[in-house]
Amino acid sequence: MSFTAPEHLNSDCRIRYSEDKGKGVYASQKIQRNTVIEISPVLFVGIPEYEQHGSFDALDHHTYKWKDGRTAVALGLGSLFKHSNTPNVSYTLDPQTDSIRYETARDICPDEELCIFYDHKVWFDPVGEAIPAIDPEPQAGCEGLSTIGNDDIDEEMPLNTDNPDEIVHELYLPFKILKPSPEEEDQNSIRTVLAWVVDVPEPRHLATLLKWLKSYGLDDPNLGHLKRIRKQDDTTTLLLSIGPTPPQLPVELELASPFQIPVPSSPALTLTSLSLKSAFWPTFYAPKRKGEIETWSCGRVAWAREAMEVVITEALRSQSEGELPISAFMPASYGDGDDKKSAVSHDTRTSTSHPLRHAVLNLIRQVANLDLGHPNSSSENGSHYLLTGKTVFLSHEPCVMCSMALLHSRVKQIFYLNPMSRTGGCGGATCLPIVHGVNHRFEIFVWKQTLSKLAINEVLDA
């Protein structure tokens, strides 16, 4: 049976059919990167309809999880974009207009298929794509400390020096933000709130109760990550509300009194978390965290590159002096800020025979001395060494001790070049900024390194 693809009003895109992949979206002409190619309005599927029909329907494979946990069906081209492990189109959920905005992530050639990224856990093998091989973890040096060299600076994407305010798409940034493993991965760590629920003996009353909830303003978005109905054995239970007192139920239904139970306070970010949270109450799976990714301008990316070049240069100098090639740099703040202080340091454990002379600790001590005005002074309360609002660039992921020092110094964000899987405190052995009980959190960025040419005979990363 032959298939004739329908025409589409967007001159950049057309619909095409292939035997192995079905309908897809293709470029009808050359499209420049950062071009909006589609804005798809969405329809939301109600909770009862989704629970009864949606999750078993073929349409479910083309739905999107909204930020509050609801299920959305994209109209227009939105449900026709195929998945790719290397997508050339990114998309943004817009809760203000209930739509999805699709934008090219790079320059697109004519007749090239336009693809998005579904998820890391797709239920199929993408047609026509090789599965990327995972490189073994580098083991250069003691404790897996990777080496560095000037070739580590990513030079693949030229920046627009004529317009430093132009935004760089996240796919082309020379670094990536580290997204630590989600919390709530064991039964004891699941965060809950008390919610009012009621058993509903007659399932035919559910529709009436759902309408009643909405009419009385109990359709609380704070409960959007939870399913309204739980069916357990022969008992059907309805989620009502959170609050100190239960709502007054319709008297004509003759229901039993509401009671309180603990329910998860947030959606499930992983399948493990989904299983654990659903043991309390049926929870939606929403693997993407809320919040927009911070935008980076060409000028700011250039500032970060220059800072990482300083780190590389300092590490090379450190090695030439017989020290470990580990360095840290705090540049002056980007933009027109008043804080123009900067400091650079490297590891001095070899020359001082002191186990605490790590590059990060040396940097913090140097910043404290900058504030005090002379190198041998000390602060009465220690407040002068704080890195509040500052960015620190590192040749290597800081160890646990240095990570705690950065946290205690109130650093805003760090960038590091080489991960340390065995001893790192910012994503390697552990991730201190997300540990329960710490009173400060900071952003972690990992530079997209290339080659490492600097040889290290012996490295102590303790």
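See above for the structure.
Owing to the predicted nature of the structure, the values given are computational and were not obtained by experimental measurement.

Give a detailed account of the nonpolar core, specifying residues and quantitative values.
In terms of nonpolar packing, the biggest core is built from 27 residues, with Leu387, Val392, Leu394, Leu406, Ile414 and Phe442 touching the most fellow members. Of all the secondary-structure elements, those providing two or more residues to this core are strand S17 (327-330), helix H6 (359-372), strand S19 (391-396), helix H7 (400-408), strand S20 (413-418) and strand S21 (443-447). If one sorts the elements of this core by residue count, H6 sits on top with six residues. Not counting residues within four places of it along the chain, the set of residues in contact with leucine 406 comprises Val360, Ile364, Leu387, Val392, Leu394, Pro398, Val411, Ile414 and Phe442.

So, the environment of leucine 206: which residues are in play, and what are the values?
Within the secondary structure, leucine 206 is located in helix H2 (residues 206-215). Of the residues examined, leucine 206 reaches a relative accessible area of 9% and is grouped as buried. For the pair leucine 206 and threonine 236, spaced 30 residues apart in the sequence, the C-alpha separation amounts to 9.3 Å. Those residues within four positions of leucine 206 in sequence are excluded, and the remaining contacts are Val200, Ile229 and Thr236.

Could you give me a rundown of the state of the cysteines, with the residues and numbers involved?
Tallied over the full model, the rule gives zero disulfides. With no disulfide of its own, cysteine 431 has cysteine 426 as its nearest cysteine by sulfur position, at a separation of 5.9 Å. The class of cysteine 431 is buried, set by a relative accessible area of 9%.

Explain the side chain of threonine 348 to me, using residue names and the numbers behind them.
For threonine 348, the position within the fold is in the loop between strand S18 (343-346) and helix H5 (349-352). Setting aside chain neighbours within four positions, we find threonine 348 in contact with Glu323, Arg357 and Asn362.

Describe the packing of aromatic side chains, with residues and values.
Evaluated as defined, the whole model comprises 14 aromatic pairs. Ring centres of phenylalanine 175 and phenylalanine 415 lie 5.0 Å apart, and the angle between their planes is 85°; on these two criteria the pair is classed as edge-to-face. Of this pair, phenylalanine 175 sits in strand S11 (residues 175-177) while phenylalanine 415 sits in strand S20; the two residues are 240 residues apart in sequence, bridging distant segments of the chain. An aromatic cluster of three or more residues is present, and its members are Phe175, Trp296, Trp303, Tyr334, Phe393, Phe415, Phe445 and Trp447.

Tell me about the side chain of histidine 358, and name the residues and values.
You can see histidine 358 is positioned in the loop between H5 and H6. For histidine 358, a relative accessible area of 4% gives the class buried. Looking at histidine 358, its side chain comes within polar contact range of the side chain of arginine 349, at 3.3 Å.

Parameters and conventions
Residues numbered from 1 in each chain as written. Predicted model: local features only at pLDDT ≥ 70, side-chain atom pairs only at ≥ 80, totals over all residues. Heavy atoms only, no water. Core = buried A, V, L, I, M, F, W, Y, C linked by side-chain atoms within 4.5 Å. Buried < 20%, exposed > 50% of the residue type's maximum accessible area, 1.4 Å probe, protein only. Helix = DSSP H or I, 4+ residues; strand = E, 2+ residues; numbered from the N terminus. Contact = heavy atoms within 4.5 Å. Disulfide = S-S within 2.5 Å. Phe/Tyr/Trp six-rings, centres within 6.5 Å; stacked < 30°, edge-to-face > 60°. Polar contact = N/O pair within 3.5 Å; in protein donor to acceptor, adjacent residues only side chain to side chain.

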